[in-house]
Amino acid sequence: MSADEALASRMVLETRGLTKEFRGFTAVDDVNLQVQDGHIHALIGPNGAGKTTVFNLLTKFLPPTRGEILYRGKSITRLKSNEIARMGIIRSFQISAVFAHMTALENVRVALQRNLGTSFHFWKSEKSLDHLNERALALLDEVGLRDYADILTVEMPYGRKRALEVATTLALEPDLMLLDEPTQGMGAEDVDRIVELIKRVSKGRTVLMVEHNLSVVSRLCDRITVLARGAVLAEGDYDNVSCNPLVREAYMGSEAAEEEGAQA
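Within any chain, residue numbers begin from 1 and follow the written order of that chain's sequence. Side-chain atom pairs in this predicted model are given and counted only at pLDDT of 80 or more, local residue features only at pLDDT of at least 70, and totals for whole chains, interfaces and linings cover all residues. Excluding hydrogens and water, the side-chain values take into account all heavy atoms of the structure.

Visitor: Run through the nonpolar core, naming residues and quoting values.
Guide: Grouped together as the largest cluster of nonpolar side chains are 46 residues, with contacts concentrated most on Val108, Leu140, Leu164, Met209, Leu220, Cys221 and Ile224. Formed by 23 residues, the second largest nonpolar core is a distinct cluster that contains Val12, Val35, Ile76 and Leu208. Here the nonpolar core consists of buried residues drawn from Ala, Val, Leu, Ile, Met, Phe, Trp, Tyr and Cys, with membership extended through side-chain atoms lying within 4.5 Å. Between buried and exposed lies partly exposed: a residue is buried under 20% and exposed over 50% of the maximum accessible area for its type, with that area taken using a 1.4 Å probe on protein chains only.

Shown next as structure tokens:
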């Protein structure tokens, strides 16, 4: 097996020339992304870089203007969002986040219903779903929320709600998890908790995440792709990307980057 063939065999997600235009404005510009099996891969960049648009293209909330998306070597460019999810590509908010007036256990059970092969059983007696409790409680255990099983989601702290979203995502048995800014709006304690959670749940899975917190990225990610103005600016591990002057300029502006470089 050649080096190229070996790399292709490890590739979970790939984009080739992925482009999205809105009435003359190019939001995503010829992006070639390669996410390897078992990696935590970060998509970072300043505000307006096109990160969320890339996520929307990958999960088929938006159709690409040009380009191709491949999942484990097969084109998924023309598939619908529900077909993508059934293949195991799960985005953290695709479960409609969480239901505020249901308990943590009930939220996870709703997500587990997808695996029954039937429609959601909102009209059935709650007891009809009791057979899902064991698996739901195991998932809550996995994200550190067992003690919150009977707590209404609306009463849970923000960081715990984000952990619950991870539990509902895991309930859909993802092969590739797409996490959209999992630590946004959190204090330091909650950030640390979510970082450790992502480390645990990523074992045996592949994760692609959008994240602004570079400390989180440095602690979690095997590979990083930096976007600026919709195009790939740099790619590599954290040490290489963080030292790249183009990346520093994109995040801090040319004058701040030059000043930091001089001080270093």
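Visitor: Tell me about the sheet that holds strand β10 (residues 231-236), and name the residues and values.
Guide: Here the rule is simple: two strands pair whenever DSSP picks up at least two bridges between them. Elements are defined by DSSP. Helices are runs of H or I of four residues or more, strands are runs of E of two residues or more, and each kind is numbered from the N terminus. Pairing is mixed in the open sheet, where six strands are placed in the order β6-β7-β8-β3-β9-β10. Each edge of the open sheet carries a strand with a single partner, namely β6 (89-91) and β10. Each strand axis lies, on average, 20° off the axis of its neighbour in the sheet, ignoring direction. As judged from the three bridges shared by β6 and strand β7 (residues 176-180), these two strands associate in the parallel manner. Bridge assignment links Arg91 to a residue of β7, and that residue is Leu178. Axes here refer to lines fitted to C-alpha atoms; in helices the fit is confined to the stretch in contact. Angles between the N-to-C directions go from 0 to 180 degrees.

Visitor: Got a sec to walk through the packing of helix α4 (residues 104-112) against helix α6 (residues 158-171)? Specific residues and values, please.
Guide: Running from N to C, α4 and α6 cross one another at 25°; their axes reach a closest spacing of 8 Å. As the angle between them shows, α4 and α6 are arranged roughly parallel. Two packed elements cross with a definite hand, and for α4 against α6 that hand is right-handed. Mapping the contact onto sequence places Ala104, Asn107, Val108, Ala111 and Leu112 in α4 and Leu164, Ala167, Thr168 and Ala171 in α6. Gly is placed with the polar residues, together with every amino acid not listed as nonpolar (Ala, Val, Leu, Ile, Met, Phe, Trp, Tyr, Cys and Pro) or charged (Asp, Glu, Lys and Arg). For the contact of α4 with α6, a count of residues per class yields seven nonpolar, two polar and no charged. Our angle categories are set so that under 35 degrees counts as roughly parallel, over 145 as roughly antiparallel, 65 to 115 as roughly perpendicular, and the remainder as oblique. Two helices crossing with the near one rotated counterclockwise from the far one by less than a right angle form a left-handed crossing, whereas a clockwise rotation gives a right-handed crossing. Two residues qualify as a contact provided that any one of their heavy atoms is within 4.5 Å of a heavy atom in the partner residue.

Visitor: Outline the sheet that holds strand β5 (residues 74-75), supporting the account with residue identities and numerical values.
Guide: Taking strand neighbours across the sheet as the criterion, the four strands line up as β2-β1-β4-β5 in an open arrangement whose pairing is antiparallel. The open sheet terminates on both sides in strands that have one partner only, identified here as β2 (25-36) and β5. Strand direction decides the pairing type here: strand β4 (residues 66-71) and β5, joined by two bridges, are antiparallel. Across the sheet, the residue bridging to Leu70 is Ser75, located in β5. Sheet strands touched by helix α2 (residues 51-58): β1 (11-22), β2 and β4. Its angle to β1, the strand with the most contacts, is close to 115°.

Visitor: So what's going on with the environment of Leu197? Which residues, and what values?
Guide: When you line up the elements, Leu197 lands in helix α7 (residues 188-201). Each C-alpha atom of the pair Leu197 and Val166 lies 8.8 Å from the other, and the pair is 31 residues apart in sequence. Non-local contacts of Leu197, meaning those with residues more than four positions away in its chain, are made with Glu142, Val143, Ala163 and Val166.

All we've got here are geometric facts, nothing functional implied.
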